[in-house]
Amino acid sequence: MRAVIQRVTEASCTVNGQITGEIANGFLVLLGIEDADTQEDLEWLAQKIANMRVFSDENGLMNKALADIDGNILLISQFTLFAATKKGNRPGFTRAARPDKAIPLYEEMKKQLSTLIGKEVQCGIFGADMKISLLNDGPVTIVMDTKNKE
């Protein structure tokens, strides 16, 4: 799994003119799922996201996690995080998991994150043409890959 985690002061997802999810302070998480991903990958990544300390404390240091600021998560599926760009100019997406594998893992990630942060995770619609709006705070953007554990 790959995740791009952006610290935001606000973010929303719109599909066909309807808002499907929106948050105030917290994380916009773009999540890519590949065929090789497992429940272990999901659990490791969910823990990392929920406990990541990148929010400012009283001294201006990145020392607080979502729970410390009553933060939220907007979770967006994004298969393009597994774009292969080595050959040619048109990316290939063969590493991205097909919906029959990706949807259950995406739904489980939503459930795990909701449990870990103690509130409902907002989301987009898997496979839809989504319009994402955000106000990046910092900017702070973290990229994580479960295969590298970075």
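As a reminder, the structure under discussion sits directly above these lines.
If you're wondering where the values come from, they're calculated on a predicted model, not measured in any experiment.

Cut-offs and rules
- Residues numbered from 1 in each chain as written.
- Predicted model: local features only at pLDDT ≥ 70, side-chain atom pairs only at ≥ 80, totals over all residues.
- Heavy atoms only, no water.
- Buried < 20%, exposed > 50% of the residue type's maximum accessible area, 1.4 Å probe, protein only.
- Helix = DSSP H or I, 4+ residues; strand = E, 2+ residues; numbered from the N terminus.
- Pairing = 2+ DSSP bridges.
- Phe/Tyr/Trp six-rings, centres within 6.5 Å; stacked < 30°, edge-to-face > 60°.
- Salt bridge = Lys/Arg side-chain N within 4 Å of Asp/Glu carboxyl O.

A.B. asks: How should I be thinking about the pairing of strand β1 (residues 2-15) in this particular structure?
C.D. replies: The side chains of a regular strand alternate, first on one face of the sheet and then on the other. For β1, the tally of buried residues reaches 11 of 14 residues, placing the bulk of the element in the interior. Bridge count between β1 and strand β3 (residues 26-32): 7 bridges; the pairing is antiparallel. Residue pairing for β3: Arg7 is matched across the bridge by Phe27. When β1 meets strand β8 (residues 131-145), the two strands line up antiparallel, connected through 11 bridges. The partner of Ala3 across the bridge, within β8, is Met144. Pairing analysis gives 5 bridges linking β1 to strand β2 (residues 18-23), with the strands arranged antiparallel. Within the sheet, the bridge partner assigned to Ala11 lies in β2 and is Ile23. The antiparallel pairing of β1 with β2 creates a hairpin that spans 2 residues between the two strands, and Asn16 there sits at a positive phi of about 50 degrees.

A.B. asks: Looking at this model, I keep getting lost on the packing of aromatic side chains. Mind explaining?
C.D. replies: A ring pair, where both rings are aromatic, is described by two values, the distance of the centres and the angle of the planes. The final tally for this structure, using the stated rule, is 3 aromatic pairs. Ring geometry for Phe27 and Phe55: centres 5.1 Å apart, planes at 35 degrees, overall tilted. A residue pair is termed long-range when its members are at least 10 positions apart, and Phe27 in strand β3 and Phe55 in strand β4 (residues 55-56) qualify at 28 residues. Here Phe55 falls in the buried class, since its relative accessible area comes to 6%. Ring centres of Phe79 and Phe93 lie 5.0 Å apart, and the angle between their planes is 75 degrees; on these two criteria the pair is classed as edge-to-face. Note that Phe79 is positioned in the loop between β6 (72-77) and α3 (99-117) and Phe93 in the loop between β6 and α3, a separation of 14 residues in sequence. Here Phe79 falls in the partly exposed class, since its relative accessible area comes to 48%. You can call Phe93 partly exposed: its relative accessible area is 31%.

A.B. asks: Teacher, can you tell me more about the pattern of salt bridges here?
C.D. replies: Pairing is possible between side chains of opposite charge, provided their charged atoms come close. Counted according to the given criterion, the structure contains 9 salt bridges. Of the charged contacts in the structure, one is a salt bridge between Asp37 and Lys147, with a shortest N-O distance of 2.8 Å. With Asp37 in the loop between β3 and α1 (39-51) and Lys147 in the segment after β8, this residue pair connects regions lying 110 residues apart in the sequence. Classification of Lys147 as partly exposed rests on a relative accessible area of 38%.

Nothing here speaks to function; it is geometry throughout.
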